[in-house]
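# Structure assessment
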Amino acid sequence: IELLQVTQASLGDRQPSAVLGSGSIEDCLASARAAERAEIAFMNLSCPSDSLRGRDCQATMFHVAPSDEMYRDALAQANAPADAKAAAWDPSLTRFGADTLNERFRSRFGRAMTADAWLGWVAIKILWESSLRARSTDSRMLMQYMIRDGTRFDGHKGRPLSFRVWDHQLRQPLYVVSSGTDGSTRVIAEMPATGSDEESSREALERLGTTAARSACRMSP
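The following paragraphs examine the structure supplied in this document. All of these numbers come straight from a predicted model, not from anything done at the bench.

## Side note on the environment of Leu 20
Here Leu 20 is to be found in strand E2 (residues 18-21). For Leu 20, a relative accessible area of 5% puts it in the buried group. A C-alpha to C-alpha distance of 6.3 Å links Leu 20 and Asn 44, two positions 24 residues apart in sequence.

Structure (structure tokens):
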């Protein structure tokens, strides 16, 4: 597993199980295409562009970062105030083991676990768990496991996380966050809101982002 800007030159003769990348939309797309040519998984940590989950989707690209549409949906569903934002994580979270995770991160790195830090952490955790459960470090085996129907991951969010098969977006709840004048943040809503007893976690999470029927992604299985 490596974190780098993926090009054929940067890979050379190496064949990592996966690469983790961030940067601009153009950087992410270029990295994803290079990873696809090398037949290895590319974990998108920061690019929220809907086009990367749509017309520019790649069979080996997996989106740990939420999409722009997921962020918009979270804010719209929460009827959030104008100064609020949607985030994948917040250092003020305490439930479902989040307080322990936040404290471990702060103790080790001397700073708060931001959304970007959580996305990097959960991407590594997903790959590590996938290699254990698939009993392989082969990238093709890891990718097959990640999109398997019964695969679930724990991100200390209280709901099982999983990848959508049609665009490889990680299903996950988002947090609507408000900032104080002192720079502190607090979570004012979790979206999507908890559904009825009959509604599964996966069904609830489908309320964020592009549905399969609306997706422009046409990747080969």
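## Some words on the packing of helix H5 (residues 115-134) against helix H6 (residues 139-146)
One way to put it is that H5 packs onto H6 with a least axis distance of 9 Å and a crossing angle of 100 degrees. Relative to H6, the element H5 lies roughly perpendicular. Residues Ile 126, Leu 127, Ser 130, Ser 131, Arg 133 and Ala 134 of H5 form the contact with H6, whose participating residues are Met 141, Leu 142, Tyr 145 and Met 146. Here the residues of the contact of H5 with H6 are counted per class, giving seven nonpolar, two polar and one charged.

## A word on the packing of aromatic side chains
Scanning all chains against the criterion turns up five aromatic pairs. For the pair Phe 62 and Phe 163, a centre-to-centre distance of 5.3 Å together with 80 degrees between the ring planes defines the contact as edge-to-face. One end of the pair, Phe 62, is in strand E4 (residues 61-63); the other, Phe 163, is in strand E6 (residues 162-163), and 101 residues separate them in sequence. Among the residues examined, Phe 62 registers a relative accessible area of 0% and is labelled buried. On the basis of relative accessible area, Phe 163 is assigned to the buried category, the value being 3%. Aromatic side chains Trp 89 and Trp 118 sit 5.6 Å apart centroid to centroid with 5 degrees between the ring planes, which places their arrangement in the stacked category. Note that Trp 89 is positioned in the loop between strand E5 (85-87) and helix H4 (98-109) and Trp 118 in helix H5, a separation of 29 residues in sequence.

How each quantity is defined
- Residues numbered from 1 in each chain as written.
- Predicted model: local features only at pLDDT ≥ 70, side-chain atom pairs only at ≥ 80, totals over all residues.
- Heavy atoms only, no water.
- Helix = DSSP H or I, 4+ residues; strand = E, 2+ residues; numbered from the N terminus.
- Buried < 20%, exposed > 50% of the residue type's maximum accessible area, 1.4 Å probe, protein only.
- Axes fitted to C-alpha atoms, helices over the stretch in contact; angles between N-to-C directions.
- Parallel < 35°, antiparallel > 145°, perpendicular 65-115°, else oblique.
- Contact = heavy atoms within 4.5 Å.
- Nonpolar A, V, L, I, M, F, W, Y, C, P; charged D, E, K, R; others polar.
- Phe/Tyr/Trp six-rings, centres within 6.5 Å; stacked < 30°, edge-to-face > 60°.

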